[in-house]
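Given next are the chains, with one letter for each unit.
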Amino acid sequence: MLAFDCAGDERSVALVEGERCVAEAAAAGAARHAEGLIALIDGALAEAGWTPASLDILAVGAGPGSFTGVRIAVAAGRGLALALDRPVLAVDGRDVLLARPAPGRTTVAAIDARRGGLYAAWSGAAWSGDEATYAATALPPGAVAARVPGPLAVRGSGAALLAAAAGPRAVVEPRHITAAGVAEVALGALGNGAVTQPGTSLVPRYLRAPDAVPASASVRAV
Amino acid sequence: MLGLETSCDETAAALVRADGVVVAERVRSQLAEHAPFGGVVPEIAARAHVEALDHLIAQVMAEAGTGFGQLKGVAATTGPGLIGGLMVGAVTGKAIALAHRLPFWAINHLEGHVLTPRLVAPAPFPYLVLLVSGGHCQLVLAEEVGRYRRLGTTIDDAVGEAFDKVAKLLGLGYPGGPALERLASAGDPARFALPRPLLGRPGCHFSFSGLKTAVLHLARAQTGSAETWQADLAAGFQAAVAETLVDRTRRAVVLARDMAPGLDRLVVAGGVAANATVRARLADLAAAEGLTFSAPPLRWCGDNAAMIAWAALERARAGFAPDSLEAPVRARWPLDPAAEPAIGAGIKA
């Protein structure tokens, strides 16, 4: 399995055989994801001594996160899936953050959505694994804090924002989204009967509409 | 060679053979997505590219009956253009190249346009290109593959942009170029006095913002119903644009002949080359100057992927090395790095 993610500031790649991670690579800097992601995959393949044709499945971090980063991962996933004729599994970054929840606390995945918002999800029966029940939009940190009672363990790029809103009942755990985490979630999902999809089904989880106003409603500048 | 193009609002894929036969090609326009906004919205464009591109690639591969392993390389536009879309094409192209260990070619969109005449028919260097589109307005002397001299560019709007904006203020919707041309065909170009920007001035840069403003003022001053003046104003605008393009190009011919005495061809490329009035006036100019006139077929005037694959084939033939999988995408990427920036030129110059 090849897993990768570049929804945040870091791009990362993992090659997994069975449940063993045989190569891992990462680089920081969102501005260079488009330049660096494919080369990073190339380097990991070389490190593992694998050929692209030896891959059997792609696990792709599909967001949410930066529009551009999520789109780069999806473009790479769709391109590889098409050229190699392999299936994909889309992984939500919040599932990666929620893996192995903290004991005795509600674990909250909080991804910084910018403009003061969070893409959030939390552990518990109503939320686990079922992406349809995730908040499908960016939420203010206060709204997330109000919906999740009790002691919290918060993880992700928006953890500090959420902890500030939730007060002393929240502790920040240093967990971020990695390709190895994407692979772990994908393997878990496959073990639970998840079905892989063709690459063309892979779509970015933007969770936010583009900032564009129809011409009729905008000030017409000529 | 597989070519990919995603620099603006067309998603395109094409397979081109080294002998110039275009085996299969697809272009998907995003007009419907952008029309409600009266122009191209970069984020909407990028979203549409990523959901369309692999389908188009699968279609051209299926039509050609070719496997990815049989390709000689993958070429993607990596600039200039809208960065989000460029990333989609570049990353998709790199992913395919990696999957089958194929050479990856990072192609300058402008080079694609400039080399298109050689895809259509033999066109020996040197030749002069007038590149007129929604994003560009340049005069380029093509000396050989990889060596281009920019003789002139716009100091404000691209010519296609001016067409679209004037069409918008006449209420013709988006994109307005073709609609404006239809309206102008019924109009009297001599009724309204419109400026000819930079006409007769030295050099061969372009400017269209003053002309656009003049159209705006005239349109606001009209009191009768639209039928009584719109077609005449559209015709006047189109005539002013054509005359400006001809004047600047005539000057570029003189400059280009100094640099390349064997110059014998004038080429028009880009989406505005589809305008019949512009084409006809440039053909007249070429005849008067004793130059052969080339205009690519309409499907290769606008943005397309065949020209991107072709540019890669030309570069390979000329001895250039393919690009790294770490090749950058560039919103700005001048074809002639030695050319001085034109004052006021936008990001595309």
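Procedures and definitions
- Residues numbered from 1 in each chain as written.
- Chains lettered and ligands numbered in written order.
- Predicted model: local features only at pLDDT ≥ 70, side-chain atom pairs only at ≥ 80, totals over all residues.
- Heavy atoms only, no water.
- Pairing = 2+ DSSP bridges.
- Helix = DSSP H or I, 4+ residues; strand = E, 2+ residues; numbered from the N terminus.
- Axes fitted to C-alpha atoms, helices over the stretch in contact; angles between N-to-C directions.
- Contact = heavy atoms within 4.5 Å.
- Buried < 20%, exposed > 50% of the residue type's maximum accessible area, 1.4 Å probe, protein only.
- Disulfide = S-S within 2.5 Å.
- Salt bridge = Lys/Arg side-chain N within 4 Å of Asp/Glu carboxyl O.
- 1 Å grid on protein atoms, 1.4 Å probe; cavity = no way out; pocket = protein on both sides within 12 Å on 5 of 7 lines; lining within 4 Å.
- Points joined across faces, edges and corners; volume = space filled by probe spheres on them.
- Nonpolar A, V, L, I, M, F, W, Y, C, P; charged D, E, K, R; others polar.
- Domains from an automatic or database assignment.
- Buried area = accessible area lost by both parts, 1.4 Å probe.
- Polar contact = N/O pair within 3.5 Å; in protein donor to acceptor, adjacent residues only side chain to side chain.

1. What about the sheet that holds strand β4 (residues 58-61) of chain A?
Residues and elements named next belong to chain A.
- Ordered in space as β3-β2-β1-β4-β5, the five strands form an open sheet in which the pairing is mixed. In this open sheet, the two strands that pair with only one neighbour each are β3 (20-28) and β5 (88-91). Going from strand to strand, the sheet's axes swing by 15° on average, the running direction of each strand aside.
- Across four bridges, the pairing between β4 and β5 is parallel. Counted as the bridge partner of Ala59 is Leu89 from β5.
- Helix-sheet contacts for helix α1 (residues 33-48) involve β1 (2-5), β2 (10-17) and β3, and the interaxial angle to β2 is about 25°.
- Sheet strands in contact with helix α2 (residues 67-84) are β1, β4 and β5, and its direction is about 165° off that of β4.

2. Overview of the pairing of strand β5 (residues 104-108) of chain B
All names here are of chain B.
- Most of β5 sits inside the fold, with five of its five residues counted as buried.
- Here β5 shows two buried faces, one formed by Phe104, Ala106 and Asn108 and the other by Trp105 and Ile107.
- Where strand β4 (residues 74-79) meets β5, five bridges bridge the pair, whose relative direction is parallel. Paired with Ala75 across the bridge in β5 is Trp105.

3. Considerations on the state of the cysteines
- In this structure the tally under the stated criterion is zero disulfides over all chains.
- There is no disulfide at Cys21 of chain A, and the cysteine sulfur nearest it, in Cys6 of chain A, is 17 Å away.
- For Cys21 of chain A, a relative accessible area of 34% gives the class partly exposed.
- The thiol sulfur of Cys204 of chain B is not disulfide-bonded, and the nearest other cysteine sulfur, from Cys137 of chain B, lies at 11 Å.

4. Description of the pattern of salt bridges
- Taken as a whole, this structure holds 28 salt bridges over all chains when the rule is applied.
- One salt bridge connects Arg205 of chain A with Asp92 of chain A, and the closest N-O pair in it is separated by 3.3 Å. Linking Arg205 of chain A in the segment after α6 (179-191) with Asp92 of chain A in the loop between β5 and α3 (93-98), this pair joins segments that are 113 residues apart in sequence. Per residue, the accessibility class of Arg205 of chain A equals that of Asp92 of chain A, and both read buried.
- Here Asp247 of chain B ties to Arg248 of chain B by a salt bridge, and the two come within 3.2 Å at their closest N and O atoms. With respect to class, Asp247 of chain B is no different from Arg248 of chain B; both count as buried.
- One salt-bridge network, held together by shared partners, links Glu143, Glu144, Arg147 and Arg149 of chain B.

5. Topic: empty space enclosed by the protein
- A complete count under the given rule lists one cavity of 30 Å³ or more for this structure.
- As a volume, the largest cavity reaches approximately 30 Å³.
- Secondary-structure elements contributing two or more residues to the lining of the largest cavity are α2 of chain A together with α2 (42-64) of chain B.
- Tallied by class, residues from the lining of the largest cavity come to three nonpolar, two polar and two charged.

6. Quick look at the domain arrangement of chain B
Residues and elements named next belong to chain B.
- Partitioning chain B into domains gives domain 1 (2-114 + 300-317) and domain 2 (125-296 + 341-347).
- Relative placement of domain 1 and domain 2: their C-alpha centres are 27 Å apart.
- Each partner contributes to the interface: domain 1 provides 18 residues, whereas domain 2 provides 19 residues.
- In total, about 1500 Å² of surface goes out of reach between domain 1 and domain 2, with carbon and sulfur atoms giving 71% of it.
- The tally of links from domain 1 across to domain 2 stands at zero salt bridges.
- Where domain 1 touches domain 2, the interface holds four residue pairs in polar contact (both at pLDDT 80 or more).

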